Amino acid sequence: MSRPKALISWSSGKDSAFALHEVRRAGELDVVGALTTVTETFGRVSIHGVRQEILQAQCEAAGLPQRIVPIPYPCPNEIYEARMGEAVTQAVQDGITRMIFGDLFLRDIRAYREQKLAGSGITPVFPLWDRPTPELAQAMMASGLEAYLATVDMKKLSAQFAGRKFDAQLLADLPEGIDPCGENGEFHTCAYAGPMFAQPISLVPGVVERHDGFVFADFTME
């Protein structure tokens, strides 16, 4: 029997990368592409701020055809939902019946995804759901996944964490109350190596910039 075709909601970060790894390990779905919102004004992955050429290198290393959803900046919610709706419609036409998300425990976000996909023909899949994040962070590292902190919310975490490697030392240095996977929006990451990639992506830390209360570590490729 053929496996259901799936897209992965690819943020460029560790959670979507590890979700891909876990789904492939389970072997029940055929992941046929990566769906990513890109802020067309800047040519960067939305929220994470990762350059589009790095996104392309990730997808090539993961063997995932890209499906880019371009959005403006700022992006009104109705435009975001309309463009995502178009992407979902196209996916259904292509025979895709599953969408994989790297969400961990935020129930309102999961409920939103389930609501928007209800009746579309696509079922959301949450392979990392409700796994305790301290243990999950350790499992990510143990798998060989490597990532940098690409974005830090200065309301929740010191700007000095931007650009740091997601590793055991980082977890030890996180202040009390900060989720070790950054699930509450404390930080977002850029994955560059791990079992989900055929080869690592060589990243060079660049300028650290501050915008709208966030700190962005601007990585480039060697």
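Scroll up to find the structure this text is about.
We now turn to the structure provided with this report. Given the structure is predicted, the values throughout are model-derived calculations rather than measurements.

### Some details on the environment of V45
- Within the secondary structure, V45 is located in strand β3 (residues 44-45).
- The buried category is assigned to V45, whose relative accessible area is 4%.

### Side note on the state of the cysteines
- Using the criterion set out here, one finds zero disulfides in the structure.
- The cysteine C59 is free of any disulfide, with C190 supplying the nearest cysteine sulfur at 11 Å.
- Note on C190: relative accessible area 0%, which makes it buried.

### Some thoughts on the pattern of salt bridges
- Tallying each qualifying case throughout the model produces 16 salt bridges.
- The partner of R3 in a salt bridge is D30, with the nearest N and O atoms 3.9 Å apart. Here D30 lies in strand β2 (residues 30-39) and R3 lies in the segment before β1 (5-9), a separation of 27 residues in the sequence.
- For E53, the salt bridge is made with R51, and the minimal N-O distance between the two is 3.7 Å.
- Exposure remark for E53: the relative accessible area of 42% places this residue in the partly exposed category.
- Among the ionic contacts, a cluster of salt bridges with common partners joins R44, R51, E53 and D218.

Analysis parameters
Residues numbered from 1 in each chain as written. Predicted model: local features only at pLDDT ≥ 70, side-chain atom pairs only at ≥ 80, totals over all residues. Heavy atoms only, no water. Helix = DSSP H or I, 4+ residues; strand = E, 2+ residues; numbered from the N terminus. Buried < 20%, exposed > 50% of the residue type's maximum accessible area, 1.4 Å probe, protein only. Disulfide = S-S within 2.5 Å. Salt bridge = Lys/Arg side-chain N within 4 Å of Asp/Glu carboxyl O.

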